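# Coordinate inspection notes
Each chain, letter by letter, is given below.
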Amino acid sequence: MLILFLTVSFVFVTADDGPPDGFMSDCPGMTRNTTMSEETKDSLTVLVMWPSDSWFGHDDATCKLSVTGAACVEKNIDLKKQVLVLISGYLDASFSPIVQTIVKPYLERGKNIIVVELFPILVRSYPLAARMTKPLGLILGEFMAELTRKGLRPENLEMLGGSLGAHIAYYAATKYHHITNYKPARLTGLDPAGPCFRNLPREERFNSGAAHRVDALHTNIDGFGIADADAHVDFYANGGEYQPYMMGNFIMPCFLFCSHVRAAIYWMVANENPDQFLGVQCATVHHARHGKCYDKISSNVLGPDTNFTRPGIYYLPTTENSPYYLGVKGLKKREYAVNNYLLKIAPDKDLVLYIDFYFPRVI
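Residues numbered from 1 in each chain as written. Predicted model: local features only at pLDDT ≥ 70, side-chain atom pairs only at ≥ 80, totals over all residues. Heavy atoms only, no water.

Using the following cut-off: UniProt positions are given in the numbering used here, feature names are shortened, and annotations may be inferred rather than shown by experiment.
Naming follows an unreviewed UniProt entry, where the protein chain appears as Lipase domain-containing protein of Pieris macdunnoughi. What the UniProt record of the protein chain gives under Sequence similarities (unreviewed entry) is the line "Belongs to the AB hydrolase superfamily. Lipase family." We quote the UniProt Subcellular location (unreviewed entry) comment for the protein chain here in full: "Secreted".

## Quick notes on unusual backbone geometry
As a reminder of what qualifies: A run of DSSP states H or I qualifies as a helix once it reaches four residues; a run of E qualifies as a strand once it reaches two. Both are numbered from the N-terminal end.
The peptide bond linking Ser322 to Pro323 adopts the cis configuration, its omega dihedral lying at 10°. Tracing the sequence through the fold places Pro323 in the segment after strand 13 (312-316).

## Here's the deal with the state of the cysteines
By definition, a disulfide is the covalent link that joins the sulfur atoms of two cysteine residues. Inclusion rule: Criterion for a disulfide: a pair of cysteine sulfur atoms within 2.5 Å. Burial classes follow relative accessibility: with a 1.4 Å probe on protein chains only, a residue under 20% of its type's maximum area counts as buried, one over 50% as exposed, and anything between as partly exposed.
Applying the stated criterion to the full structure yields 4 disulfides. Bridging Cys27 to Cys196, the disulfide has an S-S length of 1.9 Å. Handedness here is read from the sign of the S-S torsion; for Cys27 and Cys196, about -70°, the answer is left-handed. With Cys27 in the loop between helix 1 (2-15) and helix 2 (38-43) and Cys196 in the loop between strand 6 (186-190) and strand 7 (213-218), this pair connects stretches of sequence that are 169 residues apart. Judged by relative accessible area, Cys196 falls into the buried class, the value being 2%. Here Cys254 engages in a disulfide with Cys258; their sulfurs sit 2.0 Å apart.

## Some details on helix 6 (residues 126-149)
Where we set the bar: In this scheme, a helix's expected span is set at 1.5 Å multiplied by one less than its residue total. The seven residues ending at a residue and the seven starting there each receive a fitted axis; the angle between those axes is the bend at that residue.
Helix length check: helix 6, at 24 residues, gives a terminal C-alpha distance of 35 Å against a target of 34 Å (1.5 Å per residue), a fit within 8%. The largest bend in helix 6 comes to about 30°, at Thr133, with the proline Pro135 one to four residues further on. Burial runs high along helix 6: 17 of the 24 residues are buried. Phi for Gly151, located one or two positions after helix 6, is positive at around 130°.

## Notes on the nonpolar core
Most often, soluble globular proteins have nonpolar side chains that are buried together. Definition in use: We define a nonpolar core as any set of buried Ala, Val, Leu, Ile, Met, Phe, Trp, Tyr and Cys residues linked to one another through side-chain atoms lying within 4.5 Å. Contacts are residue-level and defined by heavy atoms, with any inter-residue pair within 4.5 Å sufficient.
Judged by nonpolar contacts, the single largest core of 56 residues is most densely connected at Val85, Leu140, Met159 and Phe197. The dominant element in this core, judged by the number of residues it contributes, is helix 6, at 11 residues. Non-local contacts of Leu140, meaning those with residues more than four positions away in its chain, are made with Leu65, Val85, Ile87, Val116, Met159, Ile168 and Ala172. With 30 residues, the next largest nonpolar core counts Met49, Leu86, Met268 and Phe277 among its residues.

## Considering the pattern of salt bridges
Pairing is possible between side chains that carry opposite charge, provided their charged atoms lie close to one another. Applicable threshold: We define a salt bridge as a side-chain nitrogen of Lys or Arg found within 4 Å of a carboxyl oxygen belonging to Asp or Glu.
Here the structure, examined in full by the defined rule, presents 13 salt bridges. Taking the shortest distance from any N to any O, the salt bridge between Asp230 and Arg205 comes out at 2.6 Å. In this pair, Asp230 is assigned in the loop between strand 7 and strand 8 (233-237) and Arg205 in the loop between strand 6 and strand 7, connecting sequence segments 25 residues apart. Across the pair, Arg205 and Asp230 agree in class, each one buried.

Listed below in structure tokens is the structure:
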């Protein structure tokens, strides 16, 4: 009886951690080797950006993503300064509005930026693109190791990856550590991709082992993101699944893609307002899903000032419209929890419904 009780208890405990199967949890070939031809490797590039007094506020140059291409980077930026390596997501590119907006506050703070150009490689069916993340990450790791040989200090190296880019960043950081015995100072994942990665072993996808400080922002955990709390600090915005959006008094659907991309938008705003996106600590992902985290308030902040001495799972409430942050109001439990914004659609008076009799009625 004792064994039966412990077995049943174990099943219920492990089943109550939050993550369900999710969307496209398995994809063919994800555990097999994937390589690139020498021609494809030679086509890989990065966009190097650095602060300047130009009209755009920065200058840039295109370099090869290779060991030899590291010399091009060294020629254009001071490797003794802080460097952000940015890896965007599926079908994204260095010239996209999201990427250009994300790098702006980093450049304003004097950081150099290296944007990995993914579009030519990942512009194919998603399962194939997912298989390309590991070989891309290994090449990027070798590239970063060569930059360290040329003067880049690991304590000045920060990585930011969105969706598929979060896994590429993980593979790169792991390869970088294998070559140099160093880890990047920080790795941030913006809604790390879930499809094709959910059922891989933890060591085969984004996790806290890749850098000294690893954080993740989850905004679509059952769709295009992943539910697992594998970082040192994991933020679950509005429960982590669907993000609220309204136009006037009307609810506008923000489903899979909208919620997935919202991670980048929250991050952009958080970098401009580094003390405003406050989250409250939760016991489990299950609690974070429903915002049941207000019994004992322990907070953390999303953005450049995240406190990594307070690791754990955090429920991050937002408003339904820009600029999204709640500030200290986010530390107070709201009525109707994650769906608080739904209370705004009906005025505080009787609702009168008119039936259009031009439409036939069912008898």
